[in-house]
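Observations on the model geometry
Chain residues, written in single-letter form:
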Amino acid sequence: MTSIIKVNNIQNSSGTSAMTIDGSSNITFPQKIATSNLGSGSIIQVVETRLTSEFSTTSTSFTNVGLSLAITPNNSNNKILLSATFTLYIANAYLVCTINKNHSGISDTNLETTSSQGLCQLHAGGTQGDPSCMSILDSPATTNEVTYNIKMKVQSGTGYMCINSTPSIFQAMEVVG
(Lines give C-alpha, C1' and ligand atoms only; values in the text may rest on other atoms or scores of the structure.)
Protein backbone atom coordinates (compact mmCIF):
# COMPACT_ATOMS: atom_id res chain seq x y z
CA MET A 1 0.00 0.00 0.00
CA THR A 2 1.32 3.45 -0.93
CA SER A 3 0.84 6.46 1.34
CA ILE A 4 0.59 10.01 0.00
CA ILE A 5 0.76 13.20 2.04
CA LYS A 6 -0.37 16.31 0.19
CA VAL A 7 0.62 19.69 1.64
CA ASN A 8 1.40 23.17 0.40
CA ASN A 9 2.76 24.59 3.65
CA ILE A 10 4.78 23.14 6.53
CA GLN A 11 4.92 25.12 9.76
CA ASN A 12 7.46 25.06 12.55
CA SER A 13 6.46 24.54 16.20
CA SER A 14 5.72 28.26 16.68
CA GLY A 15 3.14 28.16 13.89
CA THR A 16 5.03 30.16 11.28
CA SER A 17 5.73 28.87 7.81
CA ALA A 18 8.93 26.83 7.57
CA MET A 19 8.49 25.72 3.96
CA THR A 20 6.04 26.35 1.13
CA ILE A 21 5.46 24.12 -1.91
CA ASP A 22 3.66 25.75 -4.85
CA GLY A 23 1.59 24.07 -7.59
CA SER A 24 4.72 23.58 -9.74
CA SER A 25 6.51 21.76 -6.90
CA ASN A 26 8.86 24.70 -6.25
CA ILE A 27 9.99 24.76 -2.62
CA THR A 28 10.50 28.07 -0.81
CA PHE A 29 12.10 28.56 2.59
CA PRO A 30 11.15 31.92 4.15
CA GLN A 31 14.36 32.07 6.19
CA LYS A 32 17.93 31.00 5.66
CA ILE A 33 19.09 27.98 7.58
CA ALA A 34 21.28 29.21 10.42
CA THR A 35 24.89 28.23 9.77
CA SER A 36 25.12 27.35 13.47
CA ASN A 37 22.78 24.44 12.67
CA LEU A 38 25.15 23.04 10.03
CA GLY A 39 27.89 20.60 10.88
CA SER A 40 31.60 21.09 10.40
CA GLY A 41 32.58 20.62 6.76
CA SER A 42 29.30 21.95 5.31
CA ILE A 43 29.64 24.19 2.26
CA ILE A 44 27.63 27.35 2.95
CA GLN A 45 28.71 29.70 0.17
CA VAL A 46 30.17 29.33 -3.33
CA VAL A 47 31.66 32.06 -5.53
CA GLU A 48 32.88 31.39 -9.08
CA THR A 49 34.52 33.39 -11.84
CA ARG A 50 35.70 32.50 -15.35
CA LEU A 51 38.33 33.71 -17.78
CA THR A 52 37.50 33.10 -21.43
CA SER A 53 40.19 35.12 -23.17
CA GLU A 54 43.80 34.01 -23.53
CA PHE A 55 46.32 35.45 -21.07
CA SER A 56 50.07 35.59 -21.71
CA THR A 57 53.02 36.89 -19.73
CA THR A 58 56.79 37.17 -19.96
CA SER A 59 57.10 38.26 -16.32
CA THR A 60 59.50 36.38 -14.06
CA SER A 61 57.56 37.74 -11.05
CA PHE A 62 54.05 36.64 -10.15
CA THR A 63 51.48 38.70 -12.08
CA ASN A 64 47.66 38.63 -12.03
CA VAL A 65 46.13 36.63 -14.88
CA GLY A 66 42.67 38.20 -14.63
CA LEU A 67 41.02 35.52 -12.47
CA SER A 68 39.94 37.20 -9.26
CA LEU A 69 37.10 36.66 -6.82
CA ALA A 70 36.00 37.94 -3.43
CA ILE A 71 34.21 36.09 -0.65
CA THR A 72 33.11 37.25 2.80
CA PRO A 73 33.30 34.46 5.40
CA ASN A 74 30.32 34.19 7.76
CA ASN A 75 32.53 33.15 10.69
CA SER A 76 36.24 33.68 11.39
CA ASN A 77 36.62 29.96 12.17
CA ASN A 78 35.44 28.94 8.69
CA LYS A 79 37.81 27.95 5.93
CA ILE A 80 37.81 28.74 2.21
CA LEU A 81 38.36 25.88 -0.25
CA LEU A 82 39.88 27.31 -3.42
CA SER A 83 39.93 25.43 -6.71
CA ALA A 84 41.07 26.48 -10.17
CA THR A 85 41.15 24.63 -13.50
CA PHE A 86 42.78 26.00 -16.64
CA THR A 87 44.93 25.23 -19.67
CA LEU A 88 48.60 26.24 -19.79
CA TYR A 89 51.38 26.33 -22.36
CA ILE A 90 55.05 27.35 -22.47
CA ALA A 91 57.91 26.36 -24.79
CA ASN A 92 61.55 25.79 -23.74
CA ALA A 93 61.09 26.80 -20.07
CA TYR A 94 58.62 26.40 -17.22
CA LEU A 95 55.86 28.45 -15.66
CA VAL A 96 54.44 28.58 -12.14
CA CYS A 97 50.94 29.48 -10.93
CA THR A 98 49.75 30.36 -7.44
CA ILE A 99 46.76 31.77 -5.59
CA ASN A 100 47.23 35.07 -3.79
CA LYS A 101 44.97 36.52 -1.08
CA ASN A 102 44.42 39.99 0.30
CA HIS A 103 42.10 41.44 2.96
CA SER A 104 42.20 44.20 5.52
CA GLY A 105 44.70 43.28 8.18
CA ILE A 106 47.16 41.42 5.93
CA SER A 107 49.34 42.29 2.97
CA ASP A 108 49.25 40.34 -0.30
CA THR A 109 50.07 36.74 0.54
CA ASN A 110 50.76 33.87 -1.87
CA LEU A 111 49.29 30.62 -0.59
CA GLU A 112 51.97 28.19 -1.78
CA THR A 113 53.63 26.18 0.94
CA THR A 114 57.16 26.53 -0.50
CA SER A 115 58.19 30.11 -1.24
CA SER A 116 57.90 31.05 -4.94
CA GLN A 117 57.33 27.43 -6.07
CA GLY A 118 53.62 28.04 -6.60
CA LEU A 119 50.78 25.55 -6.39
CA CYS A 120 51.05 24.42 -10.02
CA GLN A 121 53.99 24.13 -12.43
CA LEU A 122 54.24 23.32 -16.12
CA HIS A 123 57.54 22.43 -17.73
CA ALA A 124 58.26 22.92 -21.43
CA GLY A 125 56.92 20.40 -23.84
CA GLY A 126 53.62 18.64 -23.96
CA THR A 127 50.74 19.79 -26.08
CA GLN A 128 49.45 23.29 -26.38
CA GLY A 129 46.74 23.67 -23.79
CA ASP A 130 47.81 21.17 -21.13
CA PRO A 131 44.96 20.89 -18.62
CA SER A 132 46.06 21.94 -15.15
CA CYS A 133 44.50 22.56 -11.77
CA MET A 134 45.32 23.69 -8.27
CA SER A 135 43.46 23.74 -4.98
CA ILE A 136 44.15 24.69 -1.39
CA LEU A 137 42.21 25.08 1.84
CA ASP A 138 42.76 28.56 3.31
CA SER A 139 42.04 29.70 6.86
CA PRO A 140 41.57 33.48 6.51
CA ALA A 141 40.53 33.92 10.21
CA THR A 142 38.34 36.92 9.41
CA THR A 143 34.79 37.94 8.59
CA ASN A 144 36.08 40.70 6.29
CA GLU A 145 35.88 40.29 2.53
CA VAL A 146 38.86 38.32 1.21
CA THR A 147 40.03 38.75 -2.38
CA TYR A 148 41.81 35.87 -4.11
CA ASN A 149 43.77 36.21 -7.37
CA ILE A 150 45.45 33.67 -9.60
CA LYS A 151 48.99 34.70 -10.48
CA MET A 152 51.53 33.29 -12.92
CA LYS A 153 55.22 33.76 -13.69
CA VAL A 154 57.67 32.22 -16.16
CA GLN A 155 61.30 31.16 -16.00
CA SER A 156 61.83 32.72 -19.43
CA GLY A 157 59.92 33.10 -22.69
CA THR A 158 56.15 33.51 -22.81
CA GLY A 159 53.64 31.57 -20.73
CA TYR A 160 49.97 31.21 -21.72
CA MET A 161 46.75 30.49 -19.84
CA CYS A 162 43.29 29.90 -21.29
CA ILE A 163 44.68 28.55 -24.57
CA ASN A 164 42.34 28.91 -27.55
CA SER A 165 39.85 30.59 -25.17
CA THR A 166 39.26 27.33 -23.27
CA PRO A 167 37.57 28.68 -20.12
CA SER A 168 39.57 28.92 -16.93
CA ILE A 169 37.41 28.47 -13.82
CA PHE A 170 38.17 29.72 -10.31
CA GLN A 171 35.95 28.81 -7.33
CA ALA A 172 35.89 29.67 -3.63
CA MET A 173 33.74 27.63 -1.25
CA GLU A 174 33.19 28.58 2.39
CA VAL A 175 33.47 25.52 4.64
CA VAL A 176 32.06 25.53 8.18
CA GLY A 177 35.01 25.19 10.59
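Here we summarise the structure given alongside this text.

1. Section: unusual backbone geometry
- At alanine 141, a position not held by glycine, the phi torsion is positive, near 55°.
- Structurally, the position occupied by alanine 141 is in the loop between β11 (130-138) and β12 (146-154).
- A positive phi is found at cysteine 162, a non-glycine position, where the angle reads about 70°.
- Residue placement: cysteine 162 occurs in the loop between β13 (159-161) and β14 (168-175).
- The exposure class assigned to cysteine 162 is buried, which follows from its relative accessible area of 0%.

2. So, the packing of aromatic side chains
- Evaluated as defined, the whole model comprises one aromatic pair.
- Over the aromatic face of phenylalanine 62 sits the side chain of lysine 153, whose NZ or CZ is 4.7 Å from the ring centroid.

3. Thoughts on the side chain of threonine 142
- You can see threonine 142 is positioned in the loop between β11 and β12.
- Judged by relative accessible area, threonine 142 falls into the buried class, the value being 8%.
- Within the structure, the side chain of threonine 142 is placed 2.9 Å from the backbone nitrogen of asparagine 144, a separation counted as a polar contact.

4. A few points about the sheet that holds strand β1 (residues 9-11)
- Reading across the sheet, the three strands line up as β1-β2-β3 and stay open at both edges, with antiparallel pairing between neighbours. Two strands lie at the open edges of the sheet, namely β1 and β3 (27-28), each paired on one side alone.
- Note that strand β2 (residues 17-21) and β3 share two bridges and pair antiparallel. By the bridge assignment, isoleucine 21 is partnered in β3 with isoleucine 27.

5. Description of a nonpolar patch on the surface
- A contiguous nonpolar patch, built from Ile5, Val7 and Ile10 and spanning about 290 Å² of accessible area, is present on the exposed surface.
- With respect to the helices and strands, the residue isoleucine 5 is situated in the segment before β1.
- For isoleucine 5, a relative accessible area of 76% translates into the label exposed.

6. Considering the state of the cysteines
- If you walk through the whole model with that rule in mind, you get zero disulfides.
- As a non-bridged cysteine, cysteine 120 has cysteine 97 as the owner of its nearest cysteine sulfur, 5.1 Å distant.

7. Describing the nonpolar core
- Ranked by size, the top nonpolar core spans 30 residues in total, and within it Tyr148 and Met161 carry the most contacts.
- When contributions to this core are tallied by element, the ones reaching two or more residues are β6 (63-71), β7 (79-90), β8 (94-102), β10 (120-123), β11, β12 and β14.
- Broken down by element, this core gets its largest block of residues, six residues, from β7.

Thresholds applied
- Residues numbered from 1 in each chain as written.
- Predicted model: local features only at pLDDT ≥ 70, side-chain atom pairs only at ≥ 80, totals over all residues.
- Heavy atoms only, no water.
- Helix = DSSP H or I, 4+ residues; strand = E, 2+ residues; numbered from the N terminus.
- Buried < 20%, exposed > 50% of the residue type's maximum accessible area, 1.4 Å probe, protein only.
- Phe/Tyr/Trp six-rings, centres within 6.5 Å; stacked < 30°, edge-to-face > 60°.
- Lys NZ or Arg CZ within 6 Å of the ring centre and 35° of its normal.
- Polar contact = N/O pair within 3.5 Å; in protein donor to acceptor, adjacent residues only side chain to side chain.
- Pairing = 2+ DSSP bridges.
- Patch = residues over 30% accessible without salt bridge, like charges linked within 9 Å, V, L, I, M, F, W, Y side chains within 5 Å.
- Areas by Shrake-Rupley, 256 points an atom, 1.4 Å probe, with all protein chains shown as cover.
- Salt bridge = Lys/Arg side-chain N within 4 Å of Asp/Glu carboxyl O.
- Disulfide = S-S within 2.5 Å.
- Core = buried A, V, L, I, M, F, W, Y, C linked by side-chain atoms within 4.5 Å.

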